[in-house]
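# An overview of the molecular structure
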Amino acid sequence: MAKRRKVLSVVGTRPNLMKIAPIAAELKRRGDEFEHVLVHTGQHYDRELSEIFFKELALSDPDYSLGVGSGSHAQQTAAVMERLEPVLLEAEPDVVLVPGDVNSTLAAAIATSKLQIPLGHVEAGLRSFDRTLPEELNRVVADQLSQLLFTHSPEARDNLLAEGCPTEAIHDVGNTMIDSLLAMLERIEARGAPAERGLERGAYLVVTLHRHWVDGPFVAEVISELAALSAELPIVFPVHPRTRAALDTMGTDVDLDRLLLLEPLGYIEFMSLVAGSAGVLTDSGGIQEETTILGVPCFTLRPNTERPITVSMGTNVVLGLAPERIAEVPALLAAAAEKEVRVPPLWDGKASERIADVLAGYPLEGPAAAKTT
Ligand code: UD1
C-alpha cells in the first residue's frame, strides 16, 4: 500500500481558517491517502478572531499551538519561525501548506524552506504591485519559496510566470475561501442576522476596516463620513481589535443608532449580514471575493487590489484610500445594479479537491528531518 502523505498546514489569522478548513476536510475524507497536521501560530488569539471560526468551520483543534500573539512585524515573524522549526522537525511532514499573505504565512514559508521541506502556497500569485503593503512582501516571498503554487485566478498564473516561477509548479485549482462559503451557504442563508440586528434586508451597508492605515488619522475621517452617510443608509460595522484600539483613542461622537459599531462577528453571522446587505465597504481582501460570489456590491477603500478579477468580473469597485468617496456610496449602489456579474473560473466549491489531487500526485521525498543541517 502507498505511504500516506503527511500534510502540515500553518494558520495564524482569521482568513487563514476559511482558506484551510475545506482542505483539512478533504484530506480527512481521503484519510487513506493523507494525514493532516494543523499548526496555529496564535497571530490571532481573541476568541472572536479565532476560536469561534474553528467551531463554525468544523476545523479540528490545532495539533500544535505556537501562541506567538501580537508584536512588530519582525517580532511576530521571528517568533513564528523560532517556534515552528521544532514542530516541523518533530512532525516530519511531506509537504507544508501556507495560505494567504499574513506574517504567519511568510514566517512559515521561510522556516519550511530552510528545512528543505516542500512548500505549497494556497492563494499564490496575487499581486497589488504595491510593496508598501506588508501583505505584498509576504506574498512575493511565499511564492518564490514554494514548489507548489495553488492559484485561484488567471492573472495569478501570469504574475508568477513573470516572476520566473516554473510553469510546472503552478496549479490552477480555484478558491478555497469560496469552497468554505459555498459549503456554508445554507446555514448562512438560514441565519437571519439582519433581522436580529433590526436591519431591513437590502437596505443597509456593512463596513469592515482593519489594515495598518486604521492606526492613523484615516480612521477618524472614515467615521465622520460614515456618520454622515448613516443618516441616509444604516450602517453595521463589526470592528477589528486593531481598529477598536484606534477608535478608543479618538472617541466616537456619532449617532450609534444608525452606525452600529459591533464586536468582531463569527463567520456565519457576518456572512449573513453581508448576504442581506445593500453593499459592503471594506479594506479586506477576502470580502472582495465573497461579495463577488454573493452578488453584493463591494466598495474597496484601499489604494489598489491584488484581486482585480473581483473588479473585472465581480461586484468590486476600488475607491482608493479616499474616505471622502464614502459620500458617493448611494450613487455607486445605483450604478452597481446595472453591472453584469460573473463567477470567476474555478470558484465552484471544488478547489480543495483539486489541491488534494495535486498533493496525491506529488512525489514523496522522504522525511524532512534527514536534511536539517
Ligand atoms: C492580519 C494580517 C492582515 C489580515 C488580517 C486578517 C499581517 C501583516 N496582517 O492583520 O493581512 O488581513 O490579519 O484579520 O499579517 N489584535 C488583537 N487580538 C488578536 C489579534 C490582533 O487585539 O487576536 C490586535 C493587536 O493590537 C495587534 C493588532 O490587532 O497588535 C494587529 O494584529 P496583527 O496580527 O499584527 O495584524 P492584523 O491587523 O490582525
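Look up a bit, the structure's there.
What this report covers is the structure whose coordinates are included nearby.

Parameters at a glance
Residues numbered from 1 in each chain as written. Predicted model: local features only at pLDDT ≥ 70, side-chain atom pairs only at ≥ 80, totals over all residues. Heavy atoms only, no water. Helix = DSSP H or I, 4+ residues; strand = E, 2+ residues; numbered from the N terminus. Buried < 20%, exposed > 50% of the residue type's maximum accessible area, 1.4 Å probe, protein only. Contact = heavy atoms within 4.5 Å. Patch = residues over 30% accessible without salt bridge, like charges linked within 9 Å, V, L, I, M, F, W, Y side chains within 5 Å. Areas by Shrake-Rupley, 256 points an atom, 1.4 Å probe, with all protein chains shown as cover. Salt bridge = Lys/Arg side-chain N within 4 Å of Asp/Glu carboxyl O. Lys, Arg positive; Asp, Glu negative; His and termini not counted. Charge placed at Lys NZ, Arg CZ, Asp CG, Glu CD. Pairing = 2+ DSSP bridges. Axes fitted to C-alpha atoms, helices over the stretch in contact; angles between N-to-C directions. Near = heavy atom within 4 Å. Polar contact = N/O pair within 3.5 Å; in protein donor to acceptor, adjacent residues only side chain to side chain. 1 Å grid on protein atoms, 1.4 Å probe; cavity = no way out; pocket = protein on both sides within 12 Å on 5 of 7 lines; lining within 4 Å. Sits in = over half its atoms within 2 Å of the grid points. Nonpolar A, V, L, I, M, F, W, Y, C, P; charged D, E, K, R; others polar. Points joined across faces, edges and corners; volume = space filled by probe spheres on them. Core = buried A, V, L, I, M, F, W, Y, C linked by side-chain atoms within 4.5 Å.

## Structural notes on the environment of Arg242
- If you trace the backbone, Arg242 turns up in helix α10 (residues 241-250).
- With relative accessibility at 34%, the residue Arg242 sits in the partly exposed group.
- Along the backbone, Arg242 and Val206 are 36 residues apart, and their C-alpha atoms lie at a distance of 18 Å.
- With residues near it in sequence (within four places) discarded, Arg242 still touches His210, Arg211, His212, Val214 and Asp215.

## Quick word on a negative patch on the surface
- Taken together, the side chains of Glu35, Glu51, Asp61 and Asp63 make up a negatively charged region of the molecular surface.
- Within the fold, Asp63 resides in the loop between α2 (51-56) and β3 (64-65).
- Given the relative accessible area of 48%, Asp63 is considered partly exposed.

## Re the sheet that holds strand β13 (residues 316-318)
- Taking strand neighbours across the sheet as the criterion, the 6 strands line up as β10-β9-β8-β11-β12-β13 in an open arrangement whose pairing is parallel. Of all the strands in the sheet, the pair left with one neighbour each is β10 (259-262) and β13. With strand direction ignored, the average angle separating the axes of adjacent strands in the sheet is 20 degrees.
- In this sheet, strand β9 (residues 235-238) lies alongside strand β8 (residues 205-208) in parallel orientation, the contact comprising 2 bridges. When the bridges of β9 are listed, Leu205 appears paired with Ile235.

## Re the site of the ligand
- As a matter of local geometry, the ligand sits amid 18 residues, with His44, Tyr45, Asn103, Glu135 and His210 nearest to it.
- The contact in question runs from an oxygen atom of the ligand to an N or O atom on the backbone of Asp46, over 2.9 Å.
- Arg242 is positioned such that a nitrogen or oxygen atom in its side chain is 3.2 Å from an oxygen atom of the ligand.
- Coverage of the ligand by the protein amounts to 85% of the 730 Å² it exposes when considered alone.
- Placement of the ligand is best described as lying within the largest pocket.
- Looking at the shell around the ligand, the elements that each hand over two or more residues are α3 (73-91) and α10.
- Tallied by class, the residues present in the shell around the ligand amount to 5 nonpolar, 9 polar and 4 charged.

## Let's talk about the pattern of salt bridges
- Across all of its chains, the model carries 24 salt bridges by this definition.
- By sharing partners, the salt bridges in this structure join Lys19, Asp101, Glu123, Glu136, Arg139, Glu289, Arg302, Glu306 and Arg307 into a single network.

## Examining the layout of surface pockets
- Here the largest pocket defines a volume of roughly 1100 Å³.
- If you trace the largest pocket, you find 47 residues lining it, with Thr13, Gln43, His44, His210 and His240 closest to the centre.
- Every element with two or more residues in the lining of the largest pocket is listed here: α1 (14-29), α3, α5 (134-145), α10, α11 (267-275) and α12 (286-294).
- Top contributing element to the lining of the largest pocket by residue count: α1, with 5 residues.
- Looking at side-chain class alone, the lining of the largest pocket contains 18 nonpolar, 19 polar and 10 charged residues.

## Concerning the nonpolar core
- By size, the foremost hydrophobic cluster in this structure holds 53 residues, and its most contacted members are Leu57, Phe150, Val206, Val236, Tyr267, Leu273 and Leu359.
- With residues near it in sequence (within four places) discarded, Val206 still touches Val236, Phe270, Leu273, Val274, Ser277, Gly279, Val280 and Leu281.
- Listed in part, the 29 residues of the second largest apolar core include Val214, Val219, Leu226 and Leu301.

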